[in-house]
Amino acid sequence: MNAFKLKPIAIVLIAACAITTGAIALFALKDKAPTKPASQATATAKPALTVTTTQAQMSTLPITLTANGNVAAWQEASIGTESNGLRLAEVLVNVGDAVQRGQLLARFADDSVQADVAQARAGVNEATANAAEASANADRVRTLMTTGTFSGQQINQYLTAEQTAKARVESAKAGLASQQLRLKNTQVLAPDSGVISSRSATVGAVVMNSTELFRLIRQGRLEWRAEVTSTELGRMVVGTAVTVTSASGAQTQGRVRMVAPTVDPQTRSGLVYVDLPTAAKTAGDAGFKAGMFARGEFELGQSSALSVPQQAVVVRDGFDYVFRLNADQRVSQVKLQIGRRVADRVEVLSGIGPADVLVASGAGFLNDGDLVKTVAAASVTAPASAPVAAQSLAPNSHLAPVTPAQAAIK
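Residues numbered from 1 in each chain as written. Predicted model: local features only at pLDDT ≥ 70, side-chain atom pairs only at ≥ 80, totals over all residues. Heavy atoms only, no water.

S.K.: Looking at this model, I keep getting lost on the overall build of the protein chain. Mind explaining?
M.R.: Secondary structure assignment for the protein chain yields seven helices and 22 strands. Buried positions account for 31% of the 410 residues belonging to the protein chain. Look at the contacts in the protein chain between residues 6 or more apart in sequence, and 75% of them connect residues 24 or more apart. Of the roughly 24,200 Å² that the protein chain leaves accessible, carbon and sulfur atoms contribute 55%. (Helix = DSSP H or I, 4+ residues; strand = E, 2+ residues; numbered from the N terminus. Buried < 20%, exposed > 50% of the residue type's maximum accessible area, 1.4 Å probe, protein only. Contact = heavy atoms within 4.5 Å. Areas by Shrake-Rupley, 256 points an atom, 1.4 Å probe, with all protein chains shown as cover.)

Laid out in structure tokens, this is it:
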């Protein structure tokens, strides 16, 4: 009876011993199996991308200040009429025409003025004849003053008549000059050289005195009026070079002509007047016209700064990054604080140092920790379709890159 009850317990103990012996043998075999070192595993991994490298360099970058403003005429001349009630017979220029000083712009009908001039000239001739007669009478009286032929009263009358006749001659001449001036004013002349910016003259219209007919941009000179904050206004110096960019993308070089002596109390900004060069004075040939918006950069000097190539900087989620190459040929994503951008260089304010080796080409297709292969810059010839394949491989850096031919087959 007792032997029959102990038999199941013996079976359980035998099975437990067998399982334990097998486990010990399995762990012993696993410990004897060879393990690959980490360096050998890295060496056998496939790089995600072939890249070139660069380093940050100290370079001299310009100090600039960006501002916005409007292009305006340096000075505008209002050309009106001094002929009251005359009909405009001819208009010789239009908006946009370049004119010279003294050039005929418009002409009024001068028939009535010509008649007034003729009448005034006849009045001068009549007054001159009367003055000659009065002078002859006065001369005869003077010769007979001592003889007692004429009384003192008569002598005074003849002498006074002579003076009156001479005064009437001067008055008649003044009237003739006035009518000649009216005749001259029937021709509207340009007061200065420049470009016609507006025209209100219409052939056949009867124009009243002082009515504006044309508006002229004097000498064709344009200027850019930059709006600068009050804190930056003190940095503006007359003669500072400025690069002005119009709304169409045209660029020109200008110089600061004047800095406004006052600041707008509402906007707390002041105006800086920048003369545009001769190429822009034709009000259109260089892409600049009065009234248009423009953006400009004031060149305030130069300073040394740590900079990297533009292609090495990657923008992700609104921040700037570079990929630093480590000793194990893997890259680390580093966040930058950047400053000025000049041509293909970007100023680095913080994040890296001059000794760091950075990925130059292909940085936009890498992720943090990717394994890369570095070559000389002249050895990299990426086809047009390579970026698409590289971007798809970025999350799986342990896979081999897909060639353009393979991508086409897939």
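Here the narrative resumes, following the displayed structure.
S.K.: In this structure, what is going on with the sheet that holds strand β10 (residues 206-207)? I would like to understand it.
M.R.: Strands pair in a sheet through their backbones, by hydrogen bonds, and they do so in one of two ways: parallel or antiparallel. Strand order in the open sheet formed by four strands is β8-β7-β5-β10, with antiparallel pairing between adjacent strands. Unpaired on one side and paired on the other, β8 (187-189) and β10 mark the two borders of the sheet. One ladder, built from three bridges, connects strand β5 (residues 86-91) with strand β7 (residues 104-108); its direction is antiparallel. Along β7, the bridge assignment pairs Leu-88 with Phe-108. (Pairing = 2+ DSSP bridges.)

S.K.: Can you walk me through the packing of aromatic side chains in this structure?
M.R.: Each aromatic ring pair is specified by the distance between its two centres and by the angle formed by the two planes. Within this structure, the stated rule accounts for one aromatic pair. The side chain of Arg-221 reaches across the aromatic face of Trp-74, ending 3.9 Å from its centre. A cation sits over an aromatic face here: Lys-335 above Phe-319, 3.8 Å from the ring centre. (Phe/Tyr/Trp six-rings, centres within 6.5 Å; stacked < 30°, edge-to-face > 60°. Lys NZ or Arg CZ within 6 Å of the ring centre and 35° of its normal.)

S.K.: Just checking my understanding: could you explain the pairing of strand β11 (residues 212-218) for this structure?
M.R.: Two faces make up the sheet, and in a regular strand the side chains alternate between them. When strand β4 (residues 76-80) meets β11, the two strands line up antiparallel, connected through five bridges. The residue bridging Ile-79 from the neighbouring strand is Phe-214, located in β11. Two strands pair when backbone bridges link them, and strand β9 (residues 194-199) and β11 are joined in this way by five bridges, in the antiparallel orientation. Its bridge partner lying in β11, Ser-198 is registered against Arg-215.

S.K.: I'm lost on the pattern of salt bridges in this one. Help?
M.R.: Between side chains of opposite charge, a pair can form as their charged atoms come close. Applying the stated criterion across every chain, the model contains 15 salt bridges. For Glu-76, the salt bridge goes to Arg-215, with nearest N and O atoms at 3.8 Å. Separated by 139 residues along the polypeptide, Glu-76 in strand β4 and Arg-215 in strand β11 bring together distant segments of the chain. Given a relative accessible area of 43%, Glu-76 falls into the partly exposed group. Look at Arg-215 and you get partly exposed, because its relative accessible area is 26%. (Salt bridge = Lys/Arg side-chain N within 4 Å of Asp/Glu carboxyl O.)

S.K.: What is the right way to look at the nonpolar core in this model?
M.R.: Generally speaking, soluble globular proteins have nonpolar side chains that are buried together. Formed by 29 residues in total, the largest nonpolar core has its most connected members in Val-99, Leu-105, Phe-108, Val-188, Leu-213 and Phe-214. Counting only elements with at least two residues in this core, the list comes to β4, β5, β7, α3 (111-143), α4 (152-185) and β11. The biggest single contributor to this core is α3, with seven residues. With residues up to four places along the chain from it excluded, the contact list for Phe-214 reads Ala-77, Ser-78, Ile-79, Val-91, Val-93, Leu-105, Ala-106, Ile-196, Ser-198, Arg-199 and Ala-201. Core analysis: the second largest hydrophobic core is formed by 18 residues, Val-71, Ala-226, Val-256 and Leu-276 among them. (Core = buried A, V, L, I, M, F, W, Y, C linked by side-chain atoms within 4.5 Å.)

S.K.: Can you walk me through the pairing of strand β16 (residues 293-309) in this structure?
M.R.: Bridge count between strand β3 (residues 57-73) and β16: 14 bridges; the pairing is antiparallel. Within β16, the residue paired with Ile-63 across the bridge is Gly-301. In the sheet, strand β13 (residues 241-246) pairs with β16 via five bridges, with the strands oriented antiparallel. Bridge pairing in β16 links Val-244 to Gly-296. Examined bridge by bridge, β16 and strand β20 (residues 345-350) share three bridges and lie antiparallel to one another. Note that in β20 the partner of Val-308 across the bridge is Val-346.

S.K.: Whenever I open this one, α3 confuses me. Can you help?
M.R.: Since the α-helix packs 3.6 residues into each turn, any two residues three or four apart lie on the same face. In a regular helix each residue adds 1.5 Å, so 33 residues correspond to 48 Å; α3 covers 49 Å between its end C-alpha atoms and thus fits that length. Looking at α3, one finds that the buried residues are Val-113, Val-117, Ala-120, Val-124, Ala-127, Ala-131, Ala-134, Ser-135, Ala-138 and Val-141. Of the surrounding secondary structure, the elements contacted by the buried residues of α3 are β5 and α4. (Expected span 1.5 Å × (residues − 1).)

S.K.: Teacher, can you tell me more about α4 here?
M.R.: Taking 1.5 Å as the rise per residue, α4 with 34 residues should run 50 Å; its terminal C-alpha atoms sit 50 Å apart, in good agreement. Listed as buried for α4 are Ile-155, Glu-162, Ala-165, Val-169, Ala-172, Leu-176, Gln-179 and Asn-185. Buried residues along α4 sit against β7, α3 and β8.

S.K.: Mind showing me how you'd approach the layout of surface pockets here?
M.R.: It is a probe the size of a water molecule, rolled over the atoms, that shows where empty space is left. Here the second largest pocket defines a volume of roughly 250 Å³. When contributions to the lining of the second largest pocket are tallied by element, the ones reaching two or more residues are β4, α4 and β8. In terms of residue count, β8 provides more of the lining of the second largest pocket than any other element does, three residues in total. Its residues assigned to classes, the lining of the second largest pocket shows three nonpolar, four polar and two charged. (1 Å grid on protein atoms, 1.4 Å probe; cavity = no way out; pocket = protein on both sides within 12 Å on 5 of 7 lines; lining within 4 Å. Points joined across faces, edges and corners; volume = space filled by probe spheres on them. Nonpolar A, V, L, I, M, F, W, Y, C, P; charged D, E, K, R; others polar.)

S.K.: Would you take a moment to explain the packing of α3 against α4 for this structure?
M.R.: How two helices sit against one another is set out by the angle between their axes and by the gap between those axes. Remark: α3 packs on α4, axes separated minimally by 8 Å, with the N-to-C direction vectors making an angle of 165°. Considered as vectors, α3 and α4 are oriented roughly antiparallel to each other. The way α3 lies across α4 gives a crossing that is left-handed. A breakdown of the residues in the contact of α3 with α4 according to their chemical character gives 18 nonpolar, nine polar and eight charged. (Axes fitted to C-alpha atoms, helices over the stretch in contact; angles between N-to-C directions. Parallel < 35°, antiparallel > 145°, perpendicular 65-115°, else oblique. Left-handed = near helix turned anticlockwise from the far one by under 90°.)

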